[in-house]
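Breakdown of the fold
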Amino acid sequence: MKLSGPFLFILATLMIDAIGIGIVFPIMPDLMIRVGADSTAEGAFWGGVMMSAYAAAMFLCGPVVGGLSDAYGRRPVLITALVTLTIDYVIMAMAQTYWVLLVGRVLAGMAGATYITATAYIADIAEKHERSAGFGMIGAAFGIGFVLGPALGGLASGWHLTAPFWIAALLSALNVAFGVFVLPESLRKENRRPFGKRDINPFGAITRAFVVPGLAVPLICIFVFEFANMVYPTLWAFWGREVFGWSGFTIGLSLSAYGVLIAAVQAGLLPQLTRHLGDFRTLVVATLAAVIGMVGFGFATAGWVVAIFLPIAAISDMAPPVMTAFAANRVGEDQQGLVQGVIGSLSSVAAVAAPLMMTGIFERFVHGTWLYFPGAPFLVAALMVVAIVPLVFRLRSSNPIR
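Residues numbered from 1 in each chain as written. Predicted model: local features only at pLDDT ≥ 70, side-chain atom pairs only at ≥ 80, totals over all residues. Heavy atoms only, no water.

What the protein chain contains, in helices and strands, is 18 helices and zero strands. Counting over 402 residues, the protein chain shows a buried share of 54%. Taking as baseline every contact in the protein chain between residues at least 6 positions apart, the subset at least 24 positions apart corresponds to 83%. On the protein chain, roughly 17,000 Å² of surface is accessible, and the fraction owed to carbon and sulfur atoms is 71%. (Helix = DSSP H or I, 4+ residues; strand = E, 2+ residues; numbered from the N terminus. Buried < 20%, exposed > 50% of the residue type's maximum accessible area, 1.4 Å probe, protein only. Contact = heavy atoms within 4.5 Å. Areas by Shrake-Rupley, 256 points an atom, 1.4 Å probe, with all protein chains shown as cover.)

Here it is as structure tokens:
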């Protein structure tokens, strides 16, 4: 895809969104203490509630936002979402109580159009054969943002605890101004569809998406893969501390390295593979890498083993954008917002449910059974990916919409 002004705006939007998420990580313990947590354990619990609230808001509002963008266009929804995120960061910076922080996270989840509508925008402006690469660039932007976010948050917190939020608000406000001047509408009026009551119900939107011919298989693959892949953000820090005795600095360094690798894979390797191998073979490579990486981490007992399997895990992150391209290519232009909204909702369900399951397995195999095996959640995740392999191979024979 050509790096046009609108495409650069979309990438900047998603990178800033990732920075805004990652910039909070270094200050979360102190932030929870600021709003009343009595201990680190209590702060971790309430921080987890905030993460679940964000994901739940994304789930409930994702199809609504997608439907609005199908009806009224991508541009107004994107700009409105960015303004909402700017307000959210200001609320977070000024919050003195936990409940105000919680409201801010819910607002951020409702403004999830920064991902959903941006993805639909890419689907609008890209040719069908370019969509995998375009969605891969989205992953690269997120990867860069997750590298920059924690580093920026750690540095800014040295000035003041709330400085990271003010920086995120400033970046979002500047991006709003950028979008106002460079972002044209991508959805033609003849490709729009009316917004109705059924778009308000996320469960109804998911049901409608699953009955679209050829769409159920990629949606199931996306959900299961995202569910399994949540083992990384959910347990990486706890697993690294338990197995290797990593410090916070080492954990952050490993996450930054992972973000760099993801950005390199999404921006560099993915376009080349889809061009030479096609979407299906690229997805097979990514799925195989996911299983190898998860099994490798499950049995890892030394840091150098992690260094070997980290690039393999980064290769596996090609799977979601390719699966998303399969889904996007199976519906008409008037349903791209619906599909991306449903994908966002399914990812949010995974983000709510997977941490509960993965942490439960981790706790059981660290403290609750006769077998000490802290890597067990990674093997469970690998089995989930293996379970969708037959569906992955069904994608090879399914036909995209003409």
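With respect to the helices and strands, asparagine 229 occurs in helix H10 (residues 216–229). Excluding anything up to four places from it in sequence, asparagine 229 contacts Met294 and Asp317.

What follows concerns helix H5 (residues 98–110). Taking 1.5 Å of rise per residue, 13 residues should cover 18 Å, and H5 covers 19 Å from first to last C-alpha, within 8% of that figure. Inspection of H5 places Tyr98, Leu101, Leu102, Gly104, Arg105, Ala108 and Gly109 among the buried residues, and these make up the whole buried set. Buried residues in H5, looked at end-on, bunch into an arc of 160 degrees, giving them a common side. (Expected span 1.5 Å × (residues − 1). Arc of directions from axis to C-beta.)

A word on the packing of helix H11 (residues 231–244) against helix H14 (residues 303–316). Between H11 and H14, the least distance of the axes is 13 Å, while the angle of their chain directions is 165 degrees. In terms of their interaxial angle, H11 and H14 are classed as roughly antiparallel. Relative to H14, the crossing made by H11 is right-handed. Counted together, Tyr232, Trp236, Trp239 and Phe244 of H11 and Gly303, Val306, Leu310 and Ala313 of H14 form the full contact between these two elements. For the contact of H11 with H14, the per-class residue count stands at seven nonpolar, one polar and no charged. (Axes fitted to C-alpha atoms, helices over the stretch in contact; angles between N-to-C directions. Parallel < 35°, antiparallel > 145°, perpendicular 65-115°, else oblique. Left-handed = near helix turned anticlockwise from the far one by under 90°. Nonpolar A, V, L, I, M, F, W, Y, C, P; charged D, E, K, R; others polar.)

Let's shift gears to the environment of leucine 82. Here leucine 82 is to be found in helix H4 (residues 74–94). Spatially, the C-alpha atom of leucine 82 lies 9.9 Å from that of leucine 174, the residues being 92 residues apart in sequence.

A few words now on the pattern of salt bridges. Between side chains of opposite charge, pairing is possible as soon as their charged atoms come close. The full count for this structure, using the stated rule, is two salt bridges. We note a salt bridge from aspartate 70 to arginine 74, for which the minimum N-O separation is 2.8 Å. The partner of aspartate 88 in a salt bridge is arginine 105, with the nearest N and O atoms 2.8 Å apart. Note that aspartate 88 is positioned in helix H4 and arginine 105 in helix H5, a separation of 17 residues in sequence. As far as the burial class goes, aspartate 88 and arginine 105 line up, both buried. (Salt bridge = Lys/Arg side-chain N within 4 Å of Asp/Glu carboxyl O.)

Axis separation between H10 and helix H17 (residues 376–387) bottoms out at 9 Å; the angle between their running directions is 170 degrees. Considering the angle they form, H10 stands roughly antiparallel to H17. On the side of H10, the interface is formed by Val224, Phe225, Phe227 and Ala228, while H17 contributes Ala381, Met384 and Val385. A class-by-class count of the residues in the contact of H10 with H17 yields seven nonpolar, no polar and no charged.

Moving on to the packing of aromatic side chains. Counted by the stated rule, this structure contains 16 aromatic pairs. Between the aromatic rings of phenylalanine 9 and phenylalanine 178, the centroid separation amounts to 5.8 Å while the plane-to-plane angle is 65 degrees, which identifies the pairing as edge-to-face. Here phenylalanine 178 lies in helix H8 (residues 163–182) and phenylalanine 9 lies in helix H1 (residues 5–22), a separation of 169 residues in the sequence. Phenylalanine 9 sits in the buried class, given a relative accessible area of 0%. Its relative accessible area of 33% is what places phenylalanine 178 among the partly exposed residues. Ring geometry for tryptophan 236 and tryptophan 239: centres 5.1 Å apart, planes at 50 degrees, overall tilted. Taken together, the residues tryptophan 236 and tryptophan 239, both in helix H11 and three residues apart, mark about one turn of the helix. In this structure an aromatic cluster arises from ring pairing among Tyr232, Trp236, Trp239, Phe244, Tyr258, Phe297, Phe309 and Phe378. (Phe/Tyr/Trp six-rings, centres within 6.5 Å; stacked < 30°, edge-to-face > 60°.)

One can find valine 182 in helix H8. On the basis of relative accessibility, which here comes to 28%, the residue valine 182 falls in the partly exposed class. In this view, valine 182 contacts Gly5, Pro6 and Phe9; residues no more than four positions away in its chain are not counted.

Counting 62 residues, the largest nonpolar core has Tyr232, Trp236, Trp239 and Phe297 as the members making the most contacts within it. Looking at this core, the element that brings in the most residues is helix H16 (residues 336–368), giving eight residues. Ile10, Ile122, Ile138 and Ala328 belong to the second-largest nonpolar core, a separate cluster that totals 21 residues. (Core = buried A, V, L, I, M, F, W, Y, C linked by side-chain atoms within 4.5 Å.)

Another aspect to go through is H8. Between its first and last C-alpha, H8 extends 29 Å over 20 residues, near the 28 Å set by a 1.5 Å rise per residue. Those residues of H8 lying buried are Ala163, Pro164, Phe165, Ala168, Ala169, Ser172, Asn175, Val176 and Gly179.

The predicted model of the protein chain averages 81 in pLDDT, with 88% of residues at 70 or higher. Looking at the elements of the protein chain, mean pLDDT is at its lowest for helix H2 (residues 28–34), recorded as 71, and at its highest for H17, recorded as 96. (pLDDT = per-residue confidence, 0-100.)

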